[in-house]
Amino acid sequence: MTRTRNPGTNNPGSRNTAAILTIILVSYFMILLDNSVIFTALPSLAVDLGLAPAELAWVQDAYTLVFGGLLLLGARAGDILGRRRVFVFGLAVFSIASLLIALAPTAWMLIAARALQGVGAAIVAPSALSLLTASFEGAARDRAVAWYAATAGIGASLGMLVGGAAATLLSWRAGFWINVPIGIAMIVLAPRFLPETPTSPGRFDATGAITSTLGIGALVFALLHGTDAGWGDPLTLASFAAATALLLVFVLAESRAAQPIMPLRLFSSRIRTGAYLVRLTYLGAMIGFFFFTTQFLQGVLGFTALQAGLAFLPMTVVNFVVAMAIPRLVARVGNTWPLVVGVALTLAGMLWLSRLAPDSAYVTGVALPMLLIGAGQGLAFAPMTTFGISGATTADAGAASGVVNTFHQVGMSLGLGVLVAVAAASDVQGEATETALTGEVSAALTAAAVLLGVAVILVLALIVPSRPRIPVVGGTVSTSLSTRPTRTLEA
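Residues numbered from 1 in each chain as written. Predicted model: local features only at pLDDT ≥ 70, side-chain atom pairs only at ≥ 80, totals over all residues. Heavy atoms only, no water.

1. Topic: the overall build of the chain
Within the chain, the secondary structure is distributed over 17 helices and two strands. Look at the contacts in the chain between residues 6 or more apart in sequence, and 82% of them connect residues 24 or more apart. About 19100 Å² of surface is accessible on the chain, with carbon and sulfur atoms providing 69% of the total. (Helix = DSSP H or I, 4+ residues; strand = E, 2+ residues; numbered from the N terminus. Contact = heavy atoms within 4.5 Å. Areas by Shrake-Rupley, 256 points an atom, 1.4 Å probe, with all protein chains shown as cover.)

Here is the structure:
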């Protein structure tokens, strides 16, 4: 007799496995897209709504601030209320916000809708990774994480292409209209195919949620405000002080809470801690790569928004090809060395790219370094994600996913603030516009290479020496979260 499989099962052979993975990845891709879709569309958006430079910056910063600040709360909500239920709610918030952005007639409405979109993203992102973790096991989980990492890697570069194409061929608003039908489709399909996780009795960690959100938000605001108003500005200093105090209270609260939103035991593992810190520095460098390379392409080489988006395709293609080969590579050599080589390749590409000059050619100055960066991303993202959830219990899966995404988003927020400050400090009065812009881009990308150098050191110091013991499951050595190839143990 043939037994019908439950679509919520963890069995990788379930006939609904493809649907589960597709829903998770499309939803995750949608929120990643809106991290970068705005970059190539900023010039036309500014003209359409008459935005001043400070308002233009807040179009991106409002999304980043709220996204980074609420991630831990979003992860905890999934643990308590059920991850599928929370995931669908987050998709609804994100889709409604996208519609409001596309319809926004004024700057303040656009910025407010971007902040609301950040709320939805902060709910969807950790729920997506925790649902993936709950839906797959063993080798199937390795493959699913590889696809998830590939989505993270190519989401930003494809966002540039979508934003550039929309701004050039239609309107900057088209980049946000796209989310509405996609979001509705995912909302309809998710309850049918995604497994629901059990709800957890207990209460929300209100103190942790408030202090983490406000603390991270204050830190990001201090960096962004300091770039414009100066590091000695009273509001900048007050924001740094508030961030320090709030984050200290957060750590103290988490050490005492019965059900913390960020269990400090997650940091008892050197591998997980290393993965979080590597993600922070790596993403801080990568957001600068997209932000400043786009400016160079349009401001110095004279590319249109669409051409600038297309210019990232070499990196996207290489990234995807390498990411798809990762499961086979990990099965042979483990996760550690692909991560080491991936971060090192990204560093080499960034150093090459930072040598840009006003007369640099696209192929040799931009495209070839992008190939190294794309290959590095393809190698690094899956192991980075795997190590970030390595060894986490089922009860902590949502929290671990939330921390991975928090360090991802906060890394971009903090990294962009730091790199924009470096670029501003390098500006020389009296230089021609193209020469000045090239100098700023070069300085920022050099600083991004420094961040990647720190990431290499963190990998070598925290992850490489901490080879995890390989758990024995059913007579075989499981490598779903290990750093060594699978070996069969004889009974």
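2. A look at the packing of aromatic side chains
Evaluated as defined, the whole model comprises nine aromatic pairs. Judged by centre distance (6.4 Å) and plane angle (50 degrees), the ring pair of Phe 267 and Phe 407 falls under tilted. Here the residue Phe 267 occupies a position in the loop between helix H10 (234-256) and helix H11 (270-299), and Phe 407 occupies one in helix H16 (residues 397-425), the gap between them amounting to 140 residues. The exposure class of Phe 407 is buried, given its relative accessible area of 16%. Taken together, the aromatic side chains of Phe 267, Tyr 276 and Phe 407 make up a single cluster linked through ring pairs. Its guanidinium or amino end placed over the ring of Tyr 63, Arg 114 lies 4.5 Å from that ring's centre, counting from NZ or CZ. (Phe/Tyr/Trp six-rings, centres within 6.5 Å; stacked < 30°, edge-to-face > 60°. Buried < 20%, exposed > 50% of the residue type's maximum accessible area, 1.4 Å probe, protein only. Lys NZ or Arg CZ within 6 Å of the ring centre and 35° of its normal.)

3. Remarks on a nonpolar patch on the surface
A cluster of nonpolar residues, Trp 147, Val 317, Phe 320 and Val 321, forms a patch on the protein surface that exposes about 360 Å² of accessible area. A per-element tally of the nonpolar patch places helix H13 (residues 313-333) first, with three residues. Summarising the element assignment, Val 317 is placed in helix H13. (Patch = residues over 30% accessible without salt bridge, like charges linked within 9 Å, V, L, I, M, F, W, Y side chains within 5 Å. Salt bridge = Lys/Arg side-chain N within 4 Å of Asp/Glu carboxyl O.)

4. Remarks on the packing of H11 against helix H14 (residues 336-353)
Where H11 meets H14, the closest approach of the two axes is 12 Å, and the angle between their N-to-C directions is 35 degrees. Crossing of H11 over H14 shows left-handed handedness. Taking contact as the criterion, the partners of Tyr 282, Ala 285, Met 286, Phe 289 and Thr 293 in H11 are, on H14, Val 343, Thr 346, Met 350 and Leu 353. The residue makeup of the contact of H11 with H14, split by class, is seven nonpolar, two polar and no charged. (Axes fitted to C-alpha atoms, helices over the stretch in contact; angles between N-to-C directions. Left-handed = near helix turned anticlockwise from the far one by under 90°. Nonpolar A, V, L, I, M, F, W, Y, C, P; charged D, E, K, R; others polar.)

5. Details of the environment of Leu 437
By the element assignment, Leu 437 lies in helix H17 (residues 433-463). Residues Leu 437 and Gln 295 lie 142 residues apart in sequence; the distance between their C-alpha atoms is 8.0 Å. If sequence neighbours within four positions are ignored, Leu 437 has contacts with Gln 295, Gly 299 and Val 300.

6. Things to note about the nonpolar core
Residues Leu 110, Tyr 282, Phe 289 and Met 350 are the most contacted members of the largest nonpolar core, which totals 75 residues. Residues contacting Tyr 282, with those up to four places away along its chain left out, are Val 343, Thr 346, Gly 376, Gln 377, Ala 380, Phe 381, Met 384 and Leu 452. The next biggest cluster of nonpolar side chains, apart from the first, holds 46 residues, and it includes Leu 32, Ala 122, Met 186 and Phe 193. (Core = buried A, V, L, I, M, F, W, Y, C linked by side-chain atoms within 4.5 Å.)

7. Observations regarding the confidence of the model for the chain
The pLDDT averaged across the chain works out to 78; a share of 85% of its residues lies at or above 70. The lowest-confidence element of the chain is strand S2 (residues 476-477), averaging 27 in pLDDT; the highest-confidence one is H14, averaging 92. A low-confidence stretch, residues 1-15 stays under pLDDT 50, and its non-local contacts, those more than four residues away or across chains, total 19 contacts. Overall, residues 469-491 carries pLDDT values under 50, and its contacts beyond four positions in sequence, including any with other chains, amount to 46 contacts. (pLDDT = per-residue confidence, 0-100.)

8. A word on the side chain of His 408
Relative to the helices and strands, His 408 is located in helix H16. The exposure class assigned to His 408 is buried, which follows from its relative accessible area of 4%. Here the side chain of His 408 touches Arg 279 through a polar contact of 3.2 Å, side chain to side chain. Once you skip the residues sitting within four places of it in the chain, His 408 turns out to touch Tyr 28, Leu 32, Arg 279, Leu 283 and Phe 381. (Polar contact = N/O pair within 3.5 Å; in protein donor to acceptor, adjacent residues only side chain to side chain.)

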